[in-house]
Amino acid sequence: MPWWFWILLWIALIALSLLLHLTLGYRLFRKFMSTVHELGDAGKRFSNVSPPAETSDVETAEARPEPGSAIFASPEEMRHDYLTAKAFRQEVRRQKRVKRKAERGQPQSLHDIEFS
């Protein structure tokens, strides 16, 4: 076979591989753009959602200490604040547990029942 046949064969192979890569690149670009448009539509749809209502059972303290003030507080004061907050959180969890068990008709634990 003549030498120009081999050159034409290589040129055809390179052209076909270039065509294949361009086709795959175009398809990838189209899929990427459709994904971007879907994300944009989802962003528009969910950006108009109002913020959820406050449904927390934990009461927020009105007078919060300034950030960093714990550094200058006495250890006894910080221990008292920690234990008070811990007892409050435990009581909130206990009330939720009692309410949940009452709704489900389950028996209450003796340490959850208030005898006062």
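Below is a summary of the structure that appears in this document. Each chain carries its own residue numbering, running from 1 in the written order of its sequence. pLDDT decides what is reported in this predicted model: residues at 70 or higher carry local features, side-chain atom pairs at 80 or more are listed and counted, and totals for whole chains, interfaces and linings draw on all residues regardless. Hydrogens are left out, water is left out, and the side-chain values use all remaining heavy atoms of the structure.

Observations concerning the overall build of the protein chain
Right, on to step 1. Counting its secondary structure elements, the protein chain contains 2 helices and 0 strands.
Right, on to step 2. Counting across all 116 residues of the protein chain, residues that qualify as buried make up 3%.
Right, on to step 3. Surface exposure of the protein chain reaches about 11,200 Å², of which carbon and sulfur atoms provide 65%. Secondary structure elements follow DSSP: runs of H or I of four or more residues count as helices, runs of E of two or more count as strands, with numbering from the N terminus. Remark: exposure states derive from per-residue accessible area (1.4 Å probe, protein chains only) relative to the maximum for the residue type, with buried under 20%, exposed over 50%, and partly exposed in between. Each accessible area value is a Shrake-Rupley result obtained with a 1.4 Å probe; residue values ignore everything except the protein chains displayed when judging cover.

Let's talk about the side chain of Asp112
Right, on to step 1. Structurally, the position occupied by Asp112 is in the segment after α2 (75–104).
Right, on to step 2. Here Asp112 falls in the buried class, since its relative accessible area comes to 2%.

Side note on the pattern of salt bridges
Right, on to step 1. The salt bridge definition used is simple: a Lys or Arg side-chain nitrogen within 4 Å of an Asp or Glu carboxyl oxygen. Under the counting rule described, the total for this entry stands at 2 salt bridges.
Right, on to step 2. A salt bridge links Arg94 to Glu91, with the nearest nitrogen and oxygen atoms 2.7 Å apart. With Arg94 and Glu91 both in helix α2 and 3 residues apart, this pair spans about one turn of that helix.
Right, on to step 3. Of the residues examined, Arg94 reaches a relative accessible area of 12% and is grouped as buried.
Right, on to step 4. Owing to a relative accessible area of 29%, Glu91 belongs among the partly exposed residues under this scheme.
Right, on to step 5. Salt-bridge contacts for Arg97 lead to Asp112; the nearest nitrogen and oxygen are separated by 2.8 Å. With a gap of 15 residues between them, Arg97 in helix α2 and Asp112 in the segment after α2 connect regions that are remote in the sequence.

As for a nonpolar patch on the surface
Right, on to step 1. A cluster of nonpolar residues, Met1, Trp3, Trp4, Phe5, Trp6, Ile7, Leu8, Leu9, Trp10, Ile11 and Leu13, forms a patch on the protein surface that exposes about 1,300 Å² of accessible area.
Right, on to step 2. Within the fold, Trp4 resides in helix α1 (residues 3–47). Patches draw on residues past 30% relative accessible area with no salt bridge. Two like charges within 9 Å are joined, as are two nonpolar side chains (Val, Leu, Ile, Met, Phe, Trp, Tyr) within 5 Å.

Here's the deal with α2
Right, on to step 1. Any helix carries an expected span of 1.5 Å times its number of residues minus one. For α2, spanning 30 residues, the distance from its first C-alpha to its last is 43 Å, which sits close to the expected 44 Å at 1.5 Å a residue.
Right, on to step 2. Of the residues trailing α2, Gly105 is marked for its positive phi of about 75°.

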